Amino acid sequence: MLQVSGIIIATSTNQEGKTTLTLGSENSMTNVFVTLTNKQTLKLGDPLTIKGICNGLLSDVVVVDAVIVPH
């Protein structure tokens, strides 16, 4: 498991109905792409900590089966 904190810069829903997020910075060369385990309603610009499985790493980190860690 990997735990990551960041600012939500993009959000969407995939074909399975799960929420996908991009955590990072608009100016950053790399970001963290996250797929949550279920559908969530989240706002752009909000800080967030997630915990999930790292599924890939090229120039960006890919995290799947993630859950939101309460503050």
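Thresholds, definitions, all that
- Residues numbered from 1 in each chain as written.
- Predicted model: local features only at pLDDT ≥ 70, side-chain atom pairs only at ≥ 80, totals over all residues.
- Heavy atoms only, no water.
- Helix = DSSP H or I, 4+ residues; strand = E, 2+ residues; numbered from the N terminus.
- Rg over C-alpha atoms; globule rule 2.2 N^0.38 Å.
- Buried < 20%, exposed > 50% of the residue type's maximum accessible area, 1.4 Å probe, protein only.
- Contact = heavy atoms within 4.5 Å.
- Areas by Shrake-Rupley, 256 points an atom, 1.4 Å probe, with all protein chains shown as cover.
- Lys, Arg positive; Asp, Glu negative; His and termini not counted.
- Charge placed at Lys NZ, Arg CZ, Asp CG, Glu CD.
- Salt bridge = Lys/Arg side-chain N within 4 Å of Asp/Glu carboxyl O.
- Pairing = 2+ DSSP bridges.
- Axes fitted to C-alpha atoms, helices over the stretch in contact; angles between N-to-C directions.
- Core = buried A, V, L, I, M, F, W, Y, C linked by side-chain atoms within 4.5 Å.

A.B. asks: Describe the overall build of the chain, with residues and values.
C.D. replies: Counting its regular elements, the chain contains zero helices and five strands. Along the chain, helices and strands appear, N-terminal first, in the series β-β-β-β-β. For 71 residues, the compact-globule formula gives about 11 Å, and the C-alpha radius of gyration of the chain, at 11 Å, lands near that figure. Seen through its principal axes, the chain has C-alpha atoms that stretch 30 × 25 × 25 Å. In the chain, buried positions account for 30% of the 71 residues. Restricting the contact set of the chain to residue pairs at least 6 apart, pairs at least 24 apart contribute 44%. Element-wise, carbon and sulfur atoms account for 55% of the exposed surface of the chain, whose accessible area totals about 4600 Å². Each charge sign in the chain was given a centre, from 4 positive and 5 negative side chains, and these centres are 9 Å apart.

A.B. asks: So, unusual backbone geometry: which residues are in play, and what are the values?
C.D. replies: One non-glycine residue, Asp-65, lies in the positive phi region at around 50 degrees. Its place among the elements puts Asp-65 in strand β5 (residues 61-68).

A.B. asks: I'd like a description of the pattern of salt bridges, backed by residues and values.
C.D. replies: Counted by the stated rule, this structure contains one salt bridge. Measuring nitrogen to oxygen at the nearest pair gives 3.7 Å for the salt bridge that ties Lys-18 to Glu-16. The class for Lys-18 is partly exposed, based on a relative accessible area of 23%.

A.B. asks: Before we move on, can you summarise the sheet that holds strand β2 (residues 19-23) with the specific residues and values?
C.D. replies: Read once around its circumference, the closed barrel built from five strands follows the order β1-β2-β3-β5-β4, with strand pairing classed as mixed. The mean inter-strand angle of the sheet, taken between neighbouring strand axes irrespective of direction, is 50 degrees.

A.B. asks: Please provide a residue-by-residue account of the nonpolar core, values included.
C.D. replies: In this structure, Val-4, Ile-8, Leu-21, Leu-23, Val-32, Val-34, Leu-36, Leu-48, Ile-50, Val-63 and Ala-66 together form the largest nonpolar core, which totals 11 residues. Broken down by secondary-structure element, the contributors of at least two residues to this core are β1 (2-13), β2, β3 (32-36), β4 (47-57) and β5. Residues in contact with Leu-48, not counting those within four places in the same chain, are Val-4, Ser-5, Gly-6, Ile-8, Leu-21, Leu-23, Leu-42, Ile-68 and His-71.

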